[in-house]
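# Structure assessment
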Amino acid sequence: MKVMIVVTHLLGTGHLARALTLGRAFQAAGDQVKIVSGGCAAPQLDTCEIPLLQLPPLRSDGVNFTRLLTPENALADDDYHLMRQVALCDALRAMQPDLLITELYPFGRRALRAEFRALLAAAQQLPKRPKILASIRDILAPPSKPEKAIKADAVIAEFYDAVLVHSDPQATPLALSWPVSGMLAAKLRYTGFVAPAAAGPHPEAAGSGEVLVSAGGGSVGDEIYHCALAAARLMPDQPWRLLVGGSDAAERIKALSSLGSPARIEAARPDFRQMLSHVAASVSMCGYNTALDLLQANTPAVVIPFDAGREVEQGLRAQSLEPLPGFASLRTADLTPDRLVAAVQAVQQAPRRAAAQFQFDGAARSVEIAHDIVQDQTQDHAGAKP
């Protein structure tokens, strides 16, 4: 089976990371996979195992997802968007996939609706129409206006065969963050959480006894880093390490290092997930992939949900995690060095939780669901009368 996954990450890299995990699961099942990425390069992610087509990249202007910028920080104009749209549709026609997956759209990425609509229309016109699925995380950004949900429903009804919800409905049903109509409910397929296999312990036990601070691949985590540097000064006997990601990591590390702190500061590492098994505590935001990493490694964790602008997704996720042992949550507005120190000490002293209570096989389950859907189409064609 030929599978195309289309994803554009605009701020952090979580959307691309989840698409890569899905892509690897399809590959493991023997499928031919291509990921089409429309966000900026994410050097901290391992993309070498899977064919990846890079569109002319875009990023958001901070948390303004309606203002999209090129790598040169110029506002993307109509010609730039047209280049992306042509490359995207050309890739679809060249591959002729059996299965097309759009990550987040039409529940988000509304600023890119023109290229997604062009992609969906092109898919309808292929000699053999692919099955079309949407792929969404556990919690979405709730629509600010009712008509946004109505428009998303209309796109789903017109083009989509199903919606993969990468969550456990007993823990976080989609209705927690998004209005679920009768039509949409019939198309939902809950997969469980999509996470790569547990990383296991680090061969060198890197990070042992440290407070490990991470904040994704963008500059939105700088407030967390600054607070962590001050907190590290308040805990001179506790080693702290900051991992800084993103294409501008070198400049940001230099700026943070100039502030003076006993904390160790370095670039984001590919062995981060293994380090989580050894650290005394983690301090991070509360994105989908980060939350799953923390749950898999049983790491004591202080989460600081990203809540700039009107963002509520990470706050809702943090609320669902906070009752678990070894989790604490701090709002950005409440973030001070003293409060961060108190939260770190509290999670270190809490009982260790067990990862076994959670289901992390959502990627494999997504593949099973997708194969069933495509197989139904194959059977329909096989049973059709000449």
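On a predicted model such as this, the values are computed, not experimentally measured, just so you know.

### Focus on the overall build of the protein chain
- The helix and strand inventory of the protein chain stands at 12 helices and 14 strands.
- Here the C-alpha atoms of the protein chain give a radius of gyration of 21 Å, agreeing with the 21 Å that 2.2 N^0.38 yields for 386 residues.
- Projected onto its principal axes, the C-alpha coordinates of the protein chain cover approximately 80 × 45 × 40 Å.
- Expressed as a percentage of its 386 residues, the buried residues of the protein chain come to 52%.
- Sequence separation of at least 24 residues holds for 74% of the intrachain contacts in the protein chain that already meet a minimum separation of 6.
- Counting only carbon and sulfur atoms, one obtains 53% of the accessible surface of the protein chain, whose full area is about 16,600 Å².

### Here's the deal with the pairing of strand β3 (residues 52–61)
- With four bridges connecting them, strand β2 (residues 32–39) and β3 associate as parallel partners. Its bridge partner lying in β3, Ile35 is registered against Leu52.
- As defined by bridge partners, β3 adjoins strand β4 (residues 64–69) across three bridges and the pair is classed as antiparallel. When the sheet's bridge partners are listed, Asp61 is paired in β4 with Asn64.
- What sits between the antiparallel neighbours β3 and β4 is a turn of two residues, in which Gly62 has the positive phi angle 65°.

### Focus: the sheet that holds strand β8 (residues 188–190)
- Ordered in space as β4-β3-β2-β1-β5-β6-β7-β8, the eight strands form an open sheet in which the pairing is mixed. At either end of the open sheet lies a strand with only one pairing partner, and these are β4 and β8. On average, each strand axis in the sheet is tilted by 30° relative to the strand beside it, whichever way the strands run.
- Across six bridges, the pairing between strand β1 (residues 2–7) and β2 is parallel. Its bridge partner lying in β2, Val6 is registered against Val36.
- Contacting β1, β2, β3, β4 and β5 (99–103), helix α2 (residues 78–95) runs over the sheet at an angle of about 150° to β3.
- Helix-sheet contacts for helix α3 (residues 113–124) involve β1, β5 and β6 (131–136), and the interaxial angle to β5 is about 170°.

### Description of the confidence of the model for the protein chain
- Overall, the prediction assigns the protein chain a mean pLDDT of 91, with 96% of residues at 70 or greater.
- Throughout residues 379–386 the model reports pLDDT below 50, and contacts reaching past four residues in sequence, or to other chains, amount to zero contacts.

### Re helix α4 (residues 146–159)
- With 14 residues, α4 extends 21 Å from end C-alpha to end C-alpha; this agrees with the ideal 20 Å at 1.5 Å per step.
- Taken together, the buried positions of α4 are Ala149, Ala152, Asp153, Val155, Ile156 and Phe159. The buried residues of α4 occupy one face: seen down the axis, they fall within an arc of 165°. Of the exposed residues in α4, the ones pointing more than 90 degrees away from its buried face are Pro146, Ile150 and Lys151.
- For α4, the secondary structure elements touched by its buried residues are α3, β6, β7 (162–165) and α5 (182–187).

Cut-offs applied
- Residues numbered from 1 in each chain as written.
- Predicted model: local features only at pLDDT ≥ 70, side-chain atom pairs only at ≥ 80, totals over all residues.
- Heavy atoms only, no water.
- Helix = DSSP H or I, 4+ residues; strand = E, 2+ residues; numbered from the N terminus.
- Rg over C-alpha atoms; globule rule 2.2 N^0.38 Å.
- Buried < 20%, exposed > 50% of the residue type's maximum accessible area, 1.4 Å probe, protein only.
- Contact = heavy atoms within 4.5 Å.
- Areas by Shrake-Rupley, 256 points an atom, 1.4 Å probe, with all protein chains shown as cover.
- Pairing = 2+ DSSP bridges.
- Axes fitted to C-alpha atoms, helices over the stretch in contact; angles between N-to-C directions.
- pLDDT = per-residue confidence, 0-100.
- Expected span 1.5 Å × (residues − 1).
- Arc of directions from axis to C-beta.

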